[in-house]
Amino acid sequence: MHSPAISSVADSSTFEIPLIDFSEFLNGCPETRRTTAIAILTGFQRSGFIYLKNFGLPKPLVAETFAKSAAFFKRPLDQKNSLAWTTPAANRGYVAEGLEKVTDRTEGQSIEELRQQEGQDLKESFEIGREGEEGHPNHWPDHLDADGGKFKAHMQEFFGKCTQLHVEVMRAIAVGLGLEERWFDGYCDQGDNTLRLLHYPEVSTEVFRKNGLQVRAGAHTDYGKSRSITLLFQDMAGGLQVESPNGTFVDATPIEDTVVVNAGDLLARWSNDNVKSTKHRVVEPRKAALSEKHPPRYSIAFFCNPNFDRFIEAIPGTYDEVNVRKYEGVNRNLLPRSATTTV
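Residues numbered from 1 in each chain as written. Predicted model: local features only at pLDDT ≥ 70, side-chain atom pairs only at ≥ 80, totals over all residues. Heavy atoms only, no water.

The name an unreviewed UniProt entry gives the chain is Fe2OG dioxygenase domain-containing protein, with Cryoendolithus antarcticus as the organism. The record held by UniProt for the chain lists under Sequence similarities (unreviewed entry) the comment "Belongs to the iron/ascorbate-dependent oxidoreductase family." (UniProt positions renumbered as here; feature names shortened; annotations may be inferred.)

Take a look at the structure:
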């Protein structure tokens, strides 16, 4: 029997984010596929986060997505604002730096009070949803110039590839849970997902020295009754941190040619809390700056949701007479489409 290639990235003695070779699931023999699937599920159960390498997307495709994202954010502000995000229901378009404050707080301080205490989130973003969804067109820049048209075509291709990866990861989770491999297929075959391009501009280290609470993006889970998993492609700038069981935040150190995958609130609910939706944030990178400024950070998040027309209730095998169902089922099409979270 061939053992899958699994290692881990550890930042403390109590917390690990496993690094898993996903090609072992995509191309391995039945026993290797099952062992790899169990490793993926175990990662979600223990930390809520995993790294995948050899995950099936061509390296040039990912690299070009980062390049086109960077070029988009270099556009004049008036061009970007002409593509502005409008409503949570649509959740598409450009969000300028300073307009969003991500937090896990649900009561108490107002967002404005949090901005004054912690500072604004130091990022801008661009949201892309499933193409052709009635009443919610994407805000493409293709009318601006030829590069805008190339941007649209490329992002549509990347969206499709990420949708396929979403399906494969859910198949691995199904195998890990002892379900039929395609059990989740009917829940995620419509591609009701969101692609979010993120740019954290260059920032002076003085900003963080003046306010010890300042972050690039506040602590949060991938919240709401909509998010199953998130695929995160990050550059090598660093700054992503994940909360450990003891409440401290540890670095999710960038690893070249990997994708970070984390469980969202809906998958935790769907699995009857068999997996964890773990709090995370983006902070000042730990590595010492060679100058008084931290370089820009770019990341690409693909937020994976079940089809909006599906009824979501506890997955078979995640409850019994002892471990009872914790949550009522929910109709996805009756739920508000919450705005995108940040990574």
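(A) Representation of the pattern of salt bridges within the structure. This structure, assessed with the given rule, holds 15 salt bridges. The shortest N-O distance in the salt bridge between E124 and K80 comes to 3.0 Å. Of the two residues, E124 sits in strand β5 (residues 124-129) while K80 sits in helix α4 (residues 77-81), which places them 44 residues apart along the sequence. Here E124 falls in the buried class, since its relative accessible area comes to 6%. Under the relative-accessibility criterion, K80 is labelled buried at 5%. (Salt bridge = Lys/Arg side-chain N within 4 Å of Asp/Glu carboxyl O. Helix = DSSP H or I, 4+ residues; strand = E, 2+ residues; numbered from the N terminus. Buried < 20%, exposed > 50% of the residue type's maximum accessible area, 1.4 Å probe, protein only.)

(B) Structural view of the environment of V250. Tracing the backbone shows V250 in strand β11 (residues 249-251). Separated by 30 residues in the primary sequence, V250 and H280 place their C-alpha atoms 9.2 Å from one another.

(C) Fine view of the pairing of strand β12 (residues 258-263). For β12, the tally of buried residues reaches six of six residues, placing the bulk of the element in the interior. Of the two faces of β12, the one lined by T258, V260 and N262 and the one lined by V259, V261 and A263 are each fully buried. As paired strands, strand β3 (residues 49-53) and β12 are joined by five bridges and run antiparallel to one another. Bridging from a neighbouring strand, L52 pairs with V259 of β12. Bridge count for strand β9 (residues 229-234) against β12 is four bridges, and the pairing is antiparallel. (Pairing = 2+ DSSP bridges.)

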